[in-house]
Amino acid sequence: APDAGFVDLPDDLFRSAIKAKIEANQWKGDIPGAYRILDAAYGVGDNITITDNQNMTITVNIASGAIAPVQEAVLTQGYIPIKPAGVEAEYVTA
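Residues numbered from 1 in each chain as written. Predicted model: local features only at pLDDT ≥ 70, side-chain atom pairs only at ≥ 80, totals over all residues. Heavy atoms only, no water.

**Here's the deal with the overall build of the protein chain**
So, step 1. Along the protein chain, the regular secondary structure elements total 3 helices and 3 strands.
So, step 2. In the protein chain, the order of α-helices and β-strands from amino to carboxyl end is α-α-β-β-α-β.
So, step 3. For a compact globule of 94 residues, the expected C-alpha radius of gyration is about 12 Å, and the protein chain comes in at 13 Å, within 12% of that figure.
So, step 4. Its C-alpha atoms give the protein chain principal-axis dimensions of roughly 40 × 30 × 30 Å.
So, step 5. Looking at the protein chain as a whole, 29% of its 94 residues are labelled buried. (Helix = DSSP H or I, 4+ residues; strand = E, 2+ residues; numbered from the N terminus. Rg over C-alpha atoms; globule rule 2.2 N^0.38 Å. Buried < 20%, exposed > 50% of the residue type's maximum accessible area, 1.4 Å probe, protein only.)

The following block contains the structure:
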């Protein structure tokens, strides 16, 4: 068994991750595009917000309970990339 990473995802979460990955492969690095990726993955609307801090960092705010813990892990561990190259991301659950 692997020591780290995901070994098993329920079918619906796997399908949503694949859809988000497709969106991410076509992404131009803008915030509206990041929201399209999140919508493809989770359909969460206003429950996740992205703030451009204007210093090569973004803050991703996830409303508490908005997504399942495994979905949050998929997002925060970078399996669904919603940050441009060279930009640091901070994930906050509140």
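**Observations concerning the pairing of strand β3 (residues 88-93)**
Side chains on a regular strand alternate between the two faces of the sheet.
So, step 1. Inspection of the sheet shows strand β2 (residues 57-62) paired to β3 by 6 bridges, in the parallel sense. Residue pairing for β3: T57 is matched across the bridge by E88.
So, step 2. Note that the unit made of β2, helix α3 (residues 69-76) and β3 has a crossover that is right-handed. (Pairing = 2+ DSSP bridges. Right-handed = clockwise from strand over helix to strand, strands pointing away.)

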